[in-house]
Amino acid sequence: MKHVPLAGLCLMLLGACGCQSNEIPQSRDDIMGDAHATYAARARAINAGTETLTTEIPSRYWADRIKALNPIKVYTHRANMVVVQRISDGTEEGKYIYIPISSYLPTTGDDGFAFSPDPKSGDTYTLGNGVFDYKRTRSK
């Protein structure tokens, strides 16, 4: 029996659920749509066996609005997208983009992330346009 990592299974399902074309899902013509298109392009490459499953997304898959943010690197965090724009003294800064296929809602304090505006207030989430400024300090 072949074992598939959970992340790989999710990417295979993503590829099977309408992400085979280059269209932005549900006609999203915004940065969340471009984040999803970037994620889906890499998922198709992984499913085709031309890309290795890692959290970092190579620049060849970045959609236009992601490129326009001038990233240092782009990676996934719990199926959402992290666009790193600055790194200084062990702290990353940039944009954290919620992708609606993710069941994870960004939460300040998780995995070293701090979000602005903070999407969680008490028991309520406000995702707005789904794009947050973030700072992330990785533990040493």
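Calculation rules
Residues numbered from 1 in each chain as written. Predicted model: local features only at pLDDT ≥ 70, side-chain atom pairs only at ≥ 80, totals over all residues. Heavy atoms only, no water. Pairing = 2+ DSSP bridges. Helix = DSSP H or I, 4+ residues; strand = E, 2+ residues; numbered from the N terminus. Axes fitted to C-alpha atoms, helices over the stretch in contact; angles between N-to-C directions. Phe/Tyr/Trp six-rings, centres within 6.5 Å; stacked < 30°, edge-to-face > 60°. Buried < 20%, exposed > 50% of the residue type's maximum accessible area, 1.4 Å probe, protein only. Lys NZ or Arg CZ within 6 Å of the ring centre and 35° of its normal.

**Student:** Just give me the short version of the sheet that holds strand β3 (residues 91-97), but keep the residues and values in it.
**Tutor:** Hydrogen bonds between backbone atoms are what pair the strands of a sheet, whose relative direction is either parallel or antiparallel. Overall, antiparallel pairing links the five strands, which are arranged β1-β2-β3-β7-β4 in an open sheet. What marks the edges here is a single partner per strand, and that holds for β1 (73-77) and β4 (113-116). Between one strand and the next, the sheet's axes are offset by a mean angle of 30°, whatever the strand orientation. Of the pairings in the sheet, the one linking β3 to strand β7 (residues 131-137) comprises seven bridges and is antiparallel in character. Residue pairing for β7: Gly94 is matched across the bridge by Tyr134.

**Student:** Can you break down the packing of aromatic side chains residue by residue, with the values?
**Tutor:** One pair of aromatic rings is described through two measures. These are the centre distance and the angle between the planes. With the rule as written, the count across this model stands at five aromatic pairs. A ring pair is formed by Phe115 and Phe132, whose centres lie 6.1 Å apart and whose planes are at 70°; its orientation type is edge-to-face. Of the two residues, Phe115 is situated in strand β4 and Phe132 in strand β7; the sequence distance between them amounts to 17 residues. By relative accessible area, Phe132 is classed as buried at 2%. Just above the ring of Tyr104 sits the side chain of Arg78; from NZ or CZ to the centre is 4.5 Å.

Keep in mind these values describe shape, not function.
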